Amino acid sequence: MMATSMCQFVLLLLMILAIHDGFVSSSHNNRPVSTQLYVVPFSSFLGNDADGSLTHPYLSIQQALDHVERSCHHDNTAMRRTKINLYPTYHFAGTLRFNQAHSHIRLTTMNVEDTVFYEELAAREHTYQRLPAASISGGIPITGWTLAGNNTYKAVVAQPVFVNQLFVENRRIVRTRIPVNQSEYLQYAAPLQDPNQARYGFQYAIGQFDSWSLDDAMVVVYHSWTTSHHYIDQTIPSNRTVLFTNPSDLPIGTYPIQGQRRFHVENLCISLVPNSFCFENATKTVYLMTDGSYDPMKVQVITPVNEFIVLVAGTDVTKPVEDIVIDNVAIQHSAWNIGRTQQADYQAASFLTSAPLYIANATSIIISDVEVSHTGSYGVWIREGTTDINIINSLITDTGAGGIRIGQMTAPILTPTASIRIISNEVSYGGNVFPSGVGVISHRAVDVVIADNSIHHQRYTGISIGWQWGYDTSYTSNVLVQGNYIYNTGQHILCDQGGIYTLGIQPGTVISNNVIKNVFSYAAYMWGIYLDEGSSKILVSNNIVYNIGWGGLFQHYGANNTIINNVFARASVIQPPQPGDPIPDGDLRIMNTENHLSWTFTRNIVYDTFQGNNHSAFKSDAADVSVSFSNNVYYNPYDTPLLFGIQQTSFAEWQKTGQDNGSVIADPLFVGDINQCDFFTVQSNSPAAKLGFANITKLSKWTPGCSTDDVSDNNQCYRW
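To keep things clear, this report deals only with the structure shown in the data block. (Residues numbered from 1 in each chain as written. Predicted model: local features only at pLDDT ≥ 70, side-chain atom pairs only at ≥ 80, totals over all residues. Heavy atoms only, no water.)

### Points about the pairing of strand β44 (residues 526-531)
- With six of six residues buried, β44 lies mostly within the body of the structure.
- Note: strand β41 (residues 497-502) against β44, five bridges, orientation parallel. Note on β44: the bridge partner recorded for G498 is W527.
- Sheet topology places β44 next to strand β47 (residues 553-555); three bridges connect them, and they run parallel. In the sheet register, Y530 faces β47, and the bridge partner there is F554. (Buried < 20%, exposed > 50% of the residue type's maximum accessible area, 1.4 Å probe, protein only. Helix = DSSP H or I, 4+ residues; strand = E, 2+ residues; numbered from the N terminus. Pairing = 2+ DSSP bridges.)

Below is the structure:
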């Protein structure tokens, strides 16, 4: 039987060789030189003389990259185009490094015909599961599970790793947590009095810490827009103080309203619940409690070990890697590691230094139809020295922090990140380890397009542009944020965030045709579009912003921003979540007074749905804010009086100050069902249309409904 099968396999091999013969023969006679390489991780069945050919494929992607580098050094006069074809299974790799010698490579999943060619070998080697596309994994399988009872299994990890993430059959398993409910928190008793020591601990409440085994525990403290992650140095029961080995950015307790003294503790085995795990480092033992629907002895269980998985980076800007195409593959299972004394706390989780797909000193890169998932940090980071980088039609999901990072944080910048296109992607379910990660963040970069993306279920801001607080040179310009659908941002976890957030002077930046809905913080400070410190020279046009916890639009301070032809609806829709929390700030707000024009606000619709004695349509926190309002439509269907300015006066009094000439309070006459938030298109006889408002193009990704929490768990074992 084995001989017959092998004969059939050889015949099939010869047939496919004949099909491929045209490609092979022509590749020797034409330039550029084209090469096809094959990678099959179980191909040792074909012998040990692998050369990357169809009949003798390489066992690993690294072997294929080494092949390309040898060819480049052997003959660097020819432009070599190499296609690396991966069998659709898990490829457990170390960090794959593409340098200048690897230019002109396409890395992809092999076609169906070639997959079928190897199928019989895969069937014999049961550990190699066929997947929809090849998965380049930065993890290792955990095997050798034994049943410990009560749906709890344990396994010893042979490698010297600390297991802080676990994935079972393509699902993230949460690390144990106290409290076990993901929506609940512990509260410490008081911050420490010394400001520096307060970065390293707090006074805990009775019943916390003293009876827990803390050798492998991590404490996560909630501040305002960040969390800090801490290893425990010691506890002092006499005064109930816990001290950490690593600090927070600011003293713990700096933001009492936003933080609410919240924290939780991870990796305590006493808190195992279904679909959770813990790790004991002393014995290298993982404990996994299932929900009974799967058996880890029979399914794939993976823990990440590599922080970088695919690294596309020249050695410097003078030696860039060029012309790389990565398509139809998955990049999965990247690790996160925090040093025992490292500060793990800063805005947008920007203290992280790695990403599974990391691009630097590179040009003409296409990432298309790629899934980046199950990560410990951001999914993608496009760094300095890069131009013409394209992330297209891809899925970045289940990330430890945010989805995509662009540019660098330091200034001045000698070689800016430029010509970056993030188009038609889904960026979802972020912040699973570091909640302050952003869906898509562009730090300092120029000529960036972020368009037609669906960005949802982020624990912090959806899109963030700029990294310069105030009016100094920002090294950020000409950023187009257009046609994105941004929803379910914040998830009631952190504070001080926006659907779209900006910083600094940004000439040429346009925020247009986006739909933003469902932005909610834990306690305070949650806006649809958030123009933060120094945001200037930004055009905000043709956006739909609704279902926002606080205002639809907020500007901290900035100059010469233009807000035109937008719909701001259903703002300040929640009451303070906890007693003592500040009340929402209405529909629109400017905070600081400055001696220049803050914004021009014209031809917009503000649809206020507050039911009560009165509500703020526009609030300024200080006197003499320089603004220009004209030709807007305001409306509240419940006849709630709308108030304006620092004095919160009536609309008539507001107009007497010279503002909102031509503006009216009137029903904008939406076409659709306003109770279903049906995109806010106006009728032709709308007062807004008469004032110049133009209907906004409906996004294909948008779905109707006014629910403030679209339920979708993306096959995760837990909900936020």
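What follows continues from the structure just given.
### Re the sheet that holds strand β11 (residues 171-175)
- As summarised here, the arrangement of the eight strands in space is β7-β22-β10-β11-β20-β21-β9-β8, forming an open sheet in which the pairing is mixed. Every other strand in the sheet has two partners, leaving β7 (139-141) and β8 (146-149) as the edge strands with one partner each. Each strand axis lies, on average, 35 degrees off the axis of its neighbour in the sheet, ignoring direction.
- Where strand β9 (residues 152-156) meets strand β21 (residues 285-289), five bridges bridge the pair, whose relative direction is antiparallel. Paired with A155 across the bridge in β21 is V286. (Axes fitted to C-alpha atoms, helices over the stretch in contact; angles between N-to-C directions.)

### Quick notes on unusual backbone geometry
- I178 connects to P179 through a cis peptide bond whose omega is 0 degrees.
- Relative to the assigned elements, P179 resides in the loop between β12 (177-178) and β13 (186-187).
- Of note, the amide linkage connecting A411 to P412 takes the cis form, showing an omega dihedral of 0 degrees.
- Inspection of the secondary structure assignment puts P412 in the loop between β32 (404-406) and β33 (417-423).
- Positive phi values are uncommon outside glycine, yet Y429 reaches one of about 55 degrees.
- Position of Y429 among the secondary structure elements: in the loop between β34 (426-428) and β35 (440-442).
- Under the relative-accessibility criterion, Y429 is labelled buried at 3%.
- With a phi close to 55 degrees, D447 is a non-glycine residue in the positive phi region.
- Among the residues examined, D447 registers a relative accessible area of 37% and is labelled partly exposed.

### Looking at the packing of aromatic side chains
- By the definition in use, this model includes 46 aromatic pairs.
- Centroid distance F42 to Y87: 5.0 Å. Interplanar angle 85 degrees. Geometry classified as edge-to-face. Residue F42 is located in the loop between β1 (33-39) and α2 (61-74), and its partner Y87 is located in the loop between β2 (80-86) and β3 (90-92); the two are separated by 45 residues in the primary sequence. Neither F42 nor Y87 differs from the other in exposure class; each is buried.
- Relative to F680, the ring of Y546 has its centre 5.2 Å away and its plane inclined at 70 degrees; by these criteria the two rings are edge-to-face. In this pair, Y546 sits in strand β46 (residues 544-548) while F680 sits in the loop between β57 (664-665) and α6 (687-690), placing the two residues 134 residues apart along the sequence.
- Given a relative accessible area of 0%, Y546 falls into the buried group.
- With a relative accessible area of 2%, F680 lands in the buried category.
- Every member of this aromatic cluster is reached through a ring pair, and the members are F568, W599, F601, F618, F629, Y634, F644, F651 and W654. (Phe/Tyr/Trp six-rings, centres within 6.5 Å; stacked < 30°, edge-to-face > 60°.)

### Here's the deal with the state of the cysteines
- What the rule picks out here adds up to two disulfides.
- One disulfide bridge connects C269 with C278, the sulfur atoms lying 2.0 Å from each other. With the S-S dihedral at roughly 105 degrees, the linkage between C269 and C278 falls on the right-handed side.
- C269 sits in the partly exposed class, given a relative accessible area of 28%.
- Judged by relative accessible area, which is 0%, C278 ranks as buried.
- Each sulfur in the disulfide pair C677 and C706 lies 2.0 Å from the other. Handedness here is read from the sign of the S-S torsion; for C677 and C706, about 115 degrees, the answer is right-handed. A residue pair is termed long-range when its members are at least 10 positions apart, and C677 in the loop between β57 and α6 and C706 in the segment after α6 qualify at 29 residues. (Disulfide = S-S within 2.5 Å.)

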